[in-house]
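Breakdown of the fold
Here is what each chain is made of, one letter per residue.
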Amino acid sequence: MCGIIGYVGAGVTRGAGEDADEETGGDRLAVGDVIHQGLRNLEYRGYDSAGVALVGETSGLTVAKRSGEVDGLTVPEVPDAAHGIGHTRWSTHGPPTDANAHPHTDCVGDVAVVHNGIVENHETLKAELSDHAFTSDTDTEVIPHLLEEELSGETEASAADDGGDAESDLLAAVQRVEDRLEGSYAICAVREGDDRIVVARRGSPLVLGRGEDASFVASDVTAFLEHTRDVTYLEDGDVAAIAPGSVDIFADGEPVEREIETVTWEANAAEKGGYDHYMRKEIHEQPEALRQTLAGRLDVDAGDVDLDVSFPPGFLADLEEIRIVACGTSYYAGRYAARLFEEYAGVRTTVEIASEYEFGAGRTPDRTLVVAVTQSGETADTLGAVRRANAAGARTFAVTNTLGSTVTREVDGTAFIRAGPEIGVAATKTFASQVATLAMLSVAVGRDRGALAAADARTVLEDLRGLPGAVQQVLDEEAAVREAAREYRDSEAFFFVGRALGVPVALEGALKLKEISYDHAEGFAAGELKHGPLALVTPDTPVLAVLTEGGRARETMNNVTEAQTRGAPALGCVTAGSEFDTLDVAFEVPDVGVVEPLVANVYLQLFAYHVANEKGRPIDKPRNLAKSVTVE
Ligand code: M6R
C-alpha cells in the first residue's frame with residue numbers, strides 16, 4: 001500500500017482568505033511544495049521512500065527520489081513546473097532503496113510514473129522489454145518502459161492508432177498499456193512536453209480533486225483536502241487525463257461522466273480518511289489489503305502459489321515439524337494456520353506463545369521449520385524465540401508486514417503480508433493478511449511435499465481468491481453490527497466460542513473486545529464451555545459464536561444452545577443460507593469455504609469497535625498498550 005499524488009495547476013496560496021496577510025495574501029506554495037505536502041498527508045500509507053517528478057515547459061522532466069521518510073526528501077526548485085506527481089512507498093517488490101523509490105522513468109527519461117498496487121505479470125512484461133535498461137527491482141518499472149514503446153510508435157497498436165505516425169499520445173498510450181497489465185494498480189504518468197497527468201485505476205484507490213484552476217489526483221482525499229473538497233472517485237477500469245481545472249474520464253476508451261461529491265469531514269478527521277479512528281479505517285481497508293496480499297501469488301489453474309520463497313533442496317520433503325511462534329493477534333493467526341499446515345502440508349504443526357518458546361529436547365533441528373509471525377517484525381518476545389530457534393540450529397522463517405524489520409534480518413527466509421501500515425494499536429487488517437499469507441504458505445509446502453493434490457489446492461485457492469469480496473460484503477453490514485453493539489454494550493462480560501478454525505477467531509474476537517473496550521471478554525473452544533466457563537454464563541453475558549464452514553458449526557451450535565438455556569443471549573456468524581433460527585442475532589458470512597471463519601472475524605472486529613466507540617474509549621491508543629512491544 002503506497003500513497004500517490006498528482007497536481008496540475010499554478011501552485012496554491014496557503015492561508016489566503018480572511019486571516020491572510022493583506023499584502024501577500026498568504027504563503028505561495030509552488031507545485032513541488034503542494035506535492036510534498038500531499039505526500040506528508042499520505043505517509044500513513046507507507047514511508048519506505050519518497051519521490052517526485054515535476055514537469056516544466058522549458059525545464060522538462062525533473063525527478064528526485066530517495067529512501068526514507070517524506071521529510072527527508074529535498075524537492076527540487078523548478079520555477080516553471082506546472083504539474084507533477086509524487087509517491088510515498090510501502091515496499092512490496094524490492095527493498096526500500098533509492099533506486100526502488102518512485103517515480104520510475106523510461107530509458108530516455110521522458111516519462112515518469114508513480115504506482116500503488118502490484119503488477120502481477122511484471123516478470124513476463126520485463127522479459128518482453130529485454131532491450132530496455134531497467135534500474136530497479138520493482139514491478140512498477142515495466143510501466144514507463146511500456147509507455148516508452150507505445151509513445152515511440154513501436155507497437156502495432158500504437159502505429160495503427162496513429163495511422164502510422166511515430167509519436168503517440170500519453171492518454172492513448174496509458175489506455176493501451178493498461179490492457180497489458182495484470183494485477184491491481186493506481187497509476188499516475190507524466191511526460192515531458194505534455195501538460196496533463198494521465199491516471200488509471202484498477203483495484204487500488206484513486207480520487208480526483210477538482211479545483212477551479214487546478215486539479216489533483218491521489219490515493220486518498222487526505223492528500224489535497226486543504227486545497228479542494230470537490231472530489232470524484234474513479235471506478236475500476238477508469239483512465240483520466242487531468243489538466244488545470246479540467247478532467248476527462250474514460251471507461252473502455254469512451255468518455256464517461258462521474259459524480260462530483262463534496263467532502264464534509266473536519267480537518268482532523270481527514271488523515272483517518274473520514275473515519276473517526278484508524279482502527280475502523282483499517283478494518284475497512286481489509287479488502288484492499290487482502291488484494292495486495294494475494295496479488296500475483298495465486299495460480300488457481302495450476303493449483304499452486306508463488307510466494308517467492310525458497311528452501312534448501314529436500315528440506316520440505318524431510319520436514320518433521322513446523323513450530324509457529326508469535327504473540328497476541330499474530331499468535332491467533334498462527335493458531336488458524338497450524339490447522340492448515342497439518343491438513344494441506346501434512347506436517348505436524350504446533351503454535352507457541354513466543355515468550356514461552358524453548359526448542360526443547362527430543363526434536364530434530366535440521367528437520368524443523370520455526371515460523372515467526374509478527375506484524376511489526378520488532379516484537380522482543382518473538383525475536384527472542386527466533387534467536388533460541390537459530391541457536392538450536394533450526395531453520396527459521398518470518399511472516400511479517402515490515403520490510404527491513406529486525407526479524408527479516410535474523411531468519412533464513414521471509415514472506416511479506418503486504419497489508420500496508422497499521423496505525424491502530426488493535427491489529428485488524430494485518431490479522432487477515434497474516435492468515436491469508438500463511439494459508440498460501442501451507443499450500444506451497446503441501447504442493448512441494450506432494451501432500452496436497454492440485455484439485456484440492458485449487459479449491460483452497462478459489463476460497464482465498466473470494467476473500468476480499470467476501471470481506472467487503474461483511475463490511476457492508478456494519479449498521480447491523482453497530483445496532484447489536486448498542487444493544488449489548490453494557491453486558492457484564494462477553495464470551496466468544498468456536499470449534500476448529502473458529503477457535504482462533506473466537507480468541508481473537510475476545511482479545512479485540514477487551515483490548516479496546518476494557519470489558520471482560522474471554523474466548524473458548526466451544527466444547528470447553530461445559531467444562532467450567534458455563535458457570536459464568538448468565539442472561540448478562542452474551543455469547544458470540546463462529547458458526548461457519550471450517551468451524552464445525554452444528555456442534556458449536558449445540559454448545560451455544562447450552563448457554564442460551566442458562567439465559568445468555570447468542571450472536572452468531574453463520575454461513576449464508578444456513579439455518580440457525582434460535583440465535584438472537586445472526587450475521588451472514590459469504591460462502592468462501594476454509595476462510596469463512598476469517599471473514600466472520602470482521603464481524604467481531606466491528607462489534608468490538610462499536611462497543612468501544614459507544615463507551616467513548618480511546619480506540620486507537622488503548623490504555624497501557626503499545627503498537628510494537630519491544631521489551632521482553
Ligand atoms: O507486531 P506483532 O505482530 O509481533 O505484535 C504482536 C502483538 O503485540 C499484537 O498482535 C497485539 O496483540 C495487538 N495489539 C492485538 O491487537
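What counts and what doesn't
- Residues numbered from 1 in each chain as written.
- Predicted model: local features only at pLDDT ≥ 70, side-chain atom pairs only at ≥ 80, totals over all residues.
- Heavy atoms only, no water.
- Helix = DSSP H or I, 4+ residues; strand = E, 2+ residues; numbered from the N terminus.
- Rg over C-alpha atoms; globule rule 2.2 N^0.38 Å.
- Buried < 20%, exposed > 50% of the residue type's maximum accessible area, 1.4 Å probe, protein only.
- Pairing = 2+ DSSP bridges.
- Lys, Arg positive; Asp, Glu negative; His and termini not counted.
- Salt bridge = Lys/Arg side-chain N within 4 Å of Asp/Glu carboxyl O.
- Polar contact = N/O pair within 3.5 Å; in protein donor to acceptor, adjacent residues only side chain to side chain.
- Core = buried A, V, L, I, M, F, W, Y, C linked by side-chain atoms within 4.5 Å.
- Domains from an automatic or database assignment.
- Contact = heavy atoms within 4.5 Å.
- Buried area = accessible area lost by both parts, 1.4 Å probe.
- Nonpolar A, V, L, I, M, F, W, Y, C, P; charged D, E, K, R; others polar.
- Axes fitted to C-alpha atoms, helices over the stretch in contact; angles between N-to-C directions.
- Parallel < 35°, antiparallel > 145°, perpendicular 65-115°, else oblique.
- Left-handed = near helix turned anticlockwise from the far one by under 90°.
- Near = heavy atom within 4 Å.
- Areas by Shrake-Rupley, 256 points an atom, 1.4 Å probe, with all protein chains shown as cover.
- Phe/Tyr/Trp six-rings, centres within 6.5 Å; stacked < 30°, edge-to-face > 60°.
- Lys NZ or Arg CZ within 6 Å of the ring centre and 35° of its normal.

**Structural notes on the overall build of the chain**
Across its full length, the chain carries 18 helices and 29 strands. For a compact globule of 632 residues, the expected C-alpha radius of gyration is about 26 Å, and the chain comes in at 26 Å, within 12% of that figure. For the chain, the spread of C-alpha atoms along the three principal axes comes to 80 × 60 × 45 Å. Every one of the 632 residues in the chain was classed for burial, and the buried ones make up 60%.

**What to know about unusual backbone geometry**
At the junction of histidine 102 and proline 103, the peptide bond is cis and its omega measures out at 0° in the coordinates. Within the secondary structure layout, proline 103 lies in the loop between strand E6 (81-89) and strand E7 (104-105). Phi at aspartate 308 takes a positive value of approximately 55°, unusual for a residue other than glycine. Here aspartate 308 is to be found in the loop between strand E19 (304-305) and strand E20 (321-326).

**Side note on the sheet that holds E6**
Sheet strands pair via backbone hydrogen bonds, and the direction of the pair is either parallel or antiparallel. Judged by pairing direction, the sheet is antiparallel, and its eight strands sit side by side in the order E5-E4-E6-E1-E12-E11-E13-E17 without closing on themselves. Strand pairing shows two members of the sheet lacking a second neighbour, strand E5 (60-67) and strand E17 (261-262), which therefore form its edges. Pairing of strand E11 (residues 207-210) with strand E13 (residues 230-233), which is carried by three bridges, proceeds in the antiparallel orientation. Bridging across to E13, glycine 209 finds its partner in valine 231.

**Some points on the side chain of glutamate 141**
For glutamate 141, the location among the structural elements is in the loop between helix H2 (122-128) and helix H3 (142-151). Buried within the structure, glutamate 141 lacks any salt-bridge partner; lysine 126 is the closest side chain of opposite charge, at an N-O distance of 5.7 Å. For glutamate 141, the side chain forms a polar contact with the main-chain nitrogen of threonine 135, separated by 2.9 Å.

**Quick notes on the nonpolar core**
Ile324, Phe341, Val371, Leu464, Leu467, Phe496 and Phe607 are the most contacted members of the largest nonpolar core, which totals 95 residues. It is helix H18 (residues 596-614) that provides the largest number of residues to this core, a total of twelve residues. Shared between two domains, this core takes at least three residues from each, and those domains are domain 2 (275-465) and domain 3 (478-632). Discounting chain neighbours no more than four positions away, the residues touching leucine 467 are Leu290, Ala436, Val595, Leu598 and Val599. Among the nonpolar cores identified, the runner-up in size contains 29 residues, and Ile35, Leu54, Val221 and Phe224 belong to it.

**A closer look at the domain arrangement of the chain**
Per the domain assignment, the segments making up the chain are domain 1 (3-271), domain 2 (275-465) and domain 3 (478-632). Across the contact, 36 residues belong to domain 2 and 40 residues belong to domain 3. Across the domain 2/domain 3 interface, buried area totals approximately 3,100 Å², and carbon plus sulfur atoms make up 61% of it. At the boundary of domain 2 with domain 3, the tally comes to 14 residue pairs in polar contact (both at pLDDT 80 or more). Mapped by element, the contributors of at least two residues to the side of domain 2 that touches domain 3 are helix H7 (278-284), helix H9 (328-345), helix H10 (380-392), helix H12 (429-449) and helix H13 (454-465). Here the side of domain 2 that touches domain 3 is built from residues that sort into 17 nonpolar, eleven polar and eight charged.

**Topic: the packing of H9 against helix H16 (residues 502-517)**
Where H9 contacts H16, the axes come no closer than 8 Å and their chain directions differ by 165°. On the basis of the axis angle, H9 is roughly antiparallel to H16. Seen along the crossing, H9 lies across H16 with a hand that is left-handed. Two secondary-structure elements touch here, H9 through Gly328, Thr329, Tyr332, Arg335 and Tyr336 and H16 through Val503, Pro504, Val505, Leu507, Glu508, Leu511 and Lys512. Residues that form the contact of H9 with H16 fall into these classes: seven nonpolar, two polar and three charged.

**Considerations on the site of the ligand**
The environment of the ligand is formed by 13 residues, the closest being Ser330, Thr374, Gln375, Ser376 and Thr379. A distance of 2.9 Å is found between a nitrogen atom of the ligand and a backbone nitrogen or oxygen belonging to valine 425. A distance of 2.9 Å separates an oxygen atom of the ligand from a polar atom in the backbone of alanine 427. For the ligand, the protein covers 91% of the area, taking 410 Å² as the surface of the free molecule. Broken down by secondary-structure element, the contributors of at least two residues to the shell around the ligand are H9 and H16. Of all the elements, H9 adds the most residues to the shell around the ligand, at three residues.

**As for the pattern of salt bridges**
Opposite charge on two side chains allows them to pair when their charged atoms are near. The final tally for this structure, using the stated rule, is 27 salt bridges. Ionic pairing is found between arginine 40 and aspartate 71, a salt bridge with its closest N-O pair at 2.7 Å. On the criterion of sequence distance, the pair formed by arginine 40 in helix H1 (residues 31-42) and aspartate 71 in the loop between E5 and E6 is long-range, its members being 31 residues apart. Among the salt bridges present, the one from glutamate 410 reaches arginine 387, with a minimum N-O distance of 2.8 Å. Taken as a pair, glutamate 410 in helix H11 (residues 406-410) and arginine 387 in helix H10 lie far apart in primary sequence, 23 residues in all. Overall, glutamate 410 belongs to the partly exposed group, its relative accessible area being 26%. The partly exposed category is assigned to arginine 387, whose relative accessible area is 42%.

**Quick notes on the packing of H9 against H12**
Where H9 meets H12, the closest approach of the two axes is 9 Å, and the angle between their N-to-C directions is 25°. Between H9 and H12, the interaxial angle falls into the category roughly parallel. With respect to the hand of their crossing, H9 and H12 are arranged in right-handed fashion. Contact with H9, carried on its side by Thr329, Ser330, Tyr332, Ala333, Gly334, Tyr336, Ala337, Leu340, Phe341, Tyr344 and Ala345, involves Phe431, Gln434, Val435, Leu438, Ala439, Leu441, Ser442, Val443, Val445, Gly446 and Arg449 of H12 and no other residues of that element. Each residue belonging to the contact of H9 with H12 can be placed in one class, and the counts come to 15 nonpolar, six polar and one charged.

**Examining H3**
Of all ten residues that make up H3, ten are buried, and the element is covered over most of its length. Those residues of H3 lying buried are Val142, Ile143, Pro144, His145, Leu146, Leu147, Glu148, Glu149, Glu150 and Leu151.

**Re the packing of aromatic side chains**
Taken as a whole and judged by the stated rule, the model has eight aromatic pairs. Seen in terms of ring centroids, phenylalanine 494 and phenylalanine 607 are 5.9 Å apart; in terms of plane orientation they differ by 70°. Their pairing is edge-to-face. Placement of phenylalanine 494 in strand E25 (residues 494-498) and of phenylalanine 607 in helix H18 is noted, with a sequence separation of 113 residues between them. Judged on exposure class, the residue phenylalanine 494 and its partner phenylalanine 607 are both buried. Ring pairs connect the aromatic residues Tyr7, Phe216 and Phe224, which therefore count as one cluster. Arginine 395 extends its terminal NZ or CZ atom over the ring of phenylalanine 315, reaching a point 5.8 Å from the ring centre. Just above the ring of tyrosine 518 sits the side chain of arginine 623; from NZ or CZ to the centre is 3.8 Å.

**A word on the sheet that holds strand E24 (residues 413-416)**
Ordered in space as E21-E20-E22-E23-E24, the five strands form an open sheet in which the pairing is parallel. At either end of the open sheet lies a strand with only one pairing partner, and these are strand E21 (348-353) and E24. Direction aside, the axes of adjacent strands within the sheet are offset by 20° on average. Direction of pairing for strand E22 (residues 368-374) relative to strand E23 (residues 395-400): parallel, over a ladder of six bridges.

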